[in-house]
Each structure stands twice: as structure tokens, then as C-alpha cells.
Amino acid sequence: MSNEQTAWGWGLASIDEAGNTLDVWYPKLKLGQAPSEADRPQHGFGALAHNQSDARGVRRVPVFTVCPLDSPVTDAAEAYLKLHLLSMRLAKPNTLNLEGIFAALNNVVWTNYGPFAVHDFALRKLEVMNAAEQSTATTGDATATVPAPHADVSVLAIDKFPRMADYVIPSGVRIGDADRVRLGAYLSVGTTVMHAGFVNFNAGTLGTCMIEGRVSQGVVVGNNSDVGGGASIMGTLSGGGKLRNSIGEHSLLGANAGIGISLGDNCVVEAGLYITAGTKITIYDKSRIEAGKPLETVKGADLSGRDNILFIRNSMTGAIEARYRKTGIELNAKLHRN
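Residues numbered from 1 in each chain as written. Predicted model: local features only at pLDDT ≥ 70, side-chain atom pairs only at ≥ 80, totals over all residues. Heavy atoms only, no water.

As recorded in an unreviewed UniProt entry, the protein goes by 2,3,4,5-tetrahydropyridine-2,6-dicarboxylate N-succinyltransferase and comes from Bifidobacterium bohemicum DSM 22767. As stated in UniProt under Subcellular location (unreviewed entry), the record for the protein gives "Cytoplasm". Quoted verbatim from the Catalytic activity (unreviewed entry) heading of the UniProt record, the comment on the protein is "(S)-2,3,4,5-tetrahydrodipicolinate + succinyl-CoA + H2O = (S)-2-succinylamino-6-oxoheptanedioate + CoA". (UniProt positions renumbered as here; feature names shortened; annotations may be inferred.)

Encoded structure:
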């Protein structure tokens, strides 16, 4: 196995009392051949690691993970390592083998105290709240026996994937709502994800981008492109197939629009227009109109990935048209200097 096909590092795993791995945090990862056990660096987690379960019923254990990047995911430690690689920008979307990732990850109750197991959450919540109150009353320090200083337990989500920002903070990006960017999202420098934007795992941006809509699993958005408010890009999970849609450079997916095909460079989809692979699209050709010839009609799939197209609905006939567009959009450079 070549160096480029392996990643390794120390992680801090949260293990419930049934032995299930709830999450693994990797502060640092490296690509290449892993050192032998005798040559491994120290993990450096210190007092953060403990073999005794806390009030959540969770213990935190250091794990050293070596992961082949081109092999299916076999356990939660490998799953979290690959998700970290994506968010750390050590691997781009669609370059890692993520087969088996859903089976490897457990459903987790994500809270302000960290991860809880689902099956006994109600009882554990009571224990955490009682422990916090008792600790505050006796020591004045609510962090003595529990991992957060608030007695109330707030549930952030029940999901297999946590928020990216709790594990990785990429440089040069802005995120309006951390709940809407999953661990495993790849956000390039200059990316802004607005409050209603969403970026799934194994998806993201390849340059300066404005994300106001939904970027689904497997989808990448090219440099200087804009996904408008309420817009949606159909991914492999929602589409049910293996075709990966993308948006090229200097392109715009208008507000409340959607695509089930790829856009090339310098393309625009009109606001409110949804184009799928089977959508009938008329190619607007002025020369054919002037010559009295019928216009050609094709399926959306036939235009997938093509450059310099404006997709628009004719307001007179209602027909969806593809028109030639010479130049692409330009994002505000000052706005994206993150």
C-alpha cells in the first residue's frame, strides 16, 4: 500500500457502557505510512482521557488508528478518521472509499455535554443534571464530575454525523449556523455558508463560494460559484444512483432552484427552476428561428456538465430553454475575504 493511500493519528474515542463507540476526535492526522508501535508519538490527551465512565455513562479512551483510504470503512474509528480527513482538507470529496460508513456509525444523542447513547439517554440525563447540581453546591465548580458547566442538558441532534465545527475549524471560512455543516464537509478558503445553507459529508466547495442552499452528499461546487437561497443540488443519497452532480466555476444556481444534473463553468439556472436528467429543454438558437427551422429539444442529461448555458423558463410559452451565456458570475472579493 502506497503512502498516499494511508492515514493515521491518535484520536480520543467516547465509549458507552455497552462498548459502542459514539465518536472519535482526531486533533491531528497525517498521510503516509504509520510509524511502528515503538516509534509512535504520544497522544497528549492527558486528563481528557479516563477509563472510568462519567455521569453520561461514557469513558474517553485514546485510540491509535491506521486507515487505508481505498478500502471500505470497517469501524467507527475509521469512519471518523475519514470524515476528519475531508474537513481538514487532507482529502477532497469523492476521493475516499466510504462504503460501509453508515453501518459503522452509531446513532448518537448530541448534546451540550457531548455524545450520549440513545438507549438510556433519559436516565443518563438525570444523572448528569444531578451530578452538576451536587458538584456546584459542594465545590462551586460544575466541571468537577461532568464535562460541561451547565446543569441543563440540551439536545442538539439525534444523528450518526455530528457538527463539523465541534471537531474541525477550517481556516478562511464563515459559517452562519454550525448545525448545518456536518463533519466530513470540505470547505475551501473563501467559502461562506449562510444561515440557511447546508453542506453534507463528502461534499463541499473547491474555492471561493457562497452557499445559501443545500449541497448534498457527493456534490462539489467550483470556485467563484453561488448556490442561492433555498436552492438544492441532488446528491447520490437523494437521487438513489451513483451519478455525482457538481457545479463548475463562475456559475449560479438561483434562489429556490434545483438541479439533478451537473452544471459546467459559467452557467446560470434561473430562480425557481428545477432541472432533472429527464427534463425536456429547448435549445434556443436564434439562427434556426430566423431560418424558420424548428428548435431542438433534448433531455437535461444531454446538457449535464456543459459550459456557458443559461437555463431559463420562457415566460410566454412556459418552455424550459437553454441559451448560450458568454461570461460567468463574479463573487464579491471583499465579501469572501474570510
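So much for the structure itself; the text now carries on.
Right, let's get into a nonpolar patch on the surface. Residues Val-118, Val-155 and Ile-158 make up a contiguous nonpolar surface patch of about 260 Å² in total accessible area. Tracing the sequence through the fold places Ile-158 in strand 7 (residues 155-159). (Patch = residues over 30% accessible without salt bridge, like charges linked within 9 Å, V, L, I, M, F, W, Y side chains within 5 Å. Areas by Shrake-Rupley, 256 points an atom, 1.4 Å probe, with all protein chains shown as cover. Salt bridge = Lys/Arg side-chain N within 4 Å of Asp/Glu carboxyl O. Helix = DSSP H or I, 4+ residues; strand = E, 2+ residues; numbered from the N terminus.)

Turning next to the UniProt feature "binding site: Mg(2+)" (unreviewed entry) in the protein. Following the UniProt record, the feature "binding site: Mg(2+)" (unreviewed entry) maps to Asp-179 here. With respect to the helices, strands and loops of the structure, Asp-179 is situated in the loop between strand 8 (174-175) and strand 9 (185-186). The class for Asp-179 is partly exposed, based on a relative accessible area of 44%. There is a polar contact of 2.9 Å between the side chain of Asp-179 and the side chain of Arg-163. (Buried < 20%, exposed > 50% of the residue type's maximum accessible area, 1.4 Å probe, protein only. Polar contact = N/O pair within 3.5 Å; in protein donor to acceptor, adjacent residues only side chain to side chain.)

Let's shift gears to the sheet that holds strand 9. Pairing within the open sheet is parallel, and its four strands lie in the order 9-12-15-18. A strand with exactly one partner marks an edge of an open sheet, and here the two such strands are strand 9 and strand 18 (246-247). Sheet topology places strand 15 (residues 220-221) next to strand 18; two bridges connect them, and they run parallel. In the strand pairing of strand 18, Val-220 is matched with Ser-246. (Pairing = 2+ DSSP bridges.)

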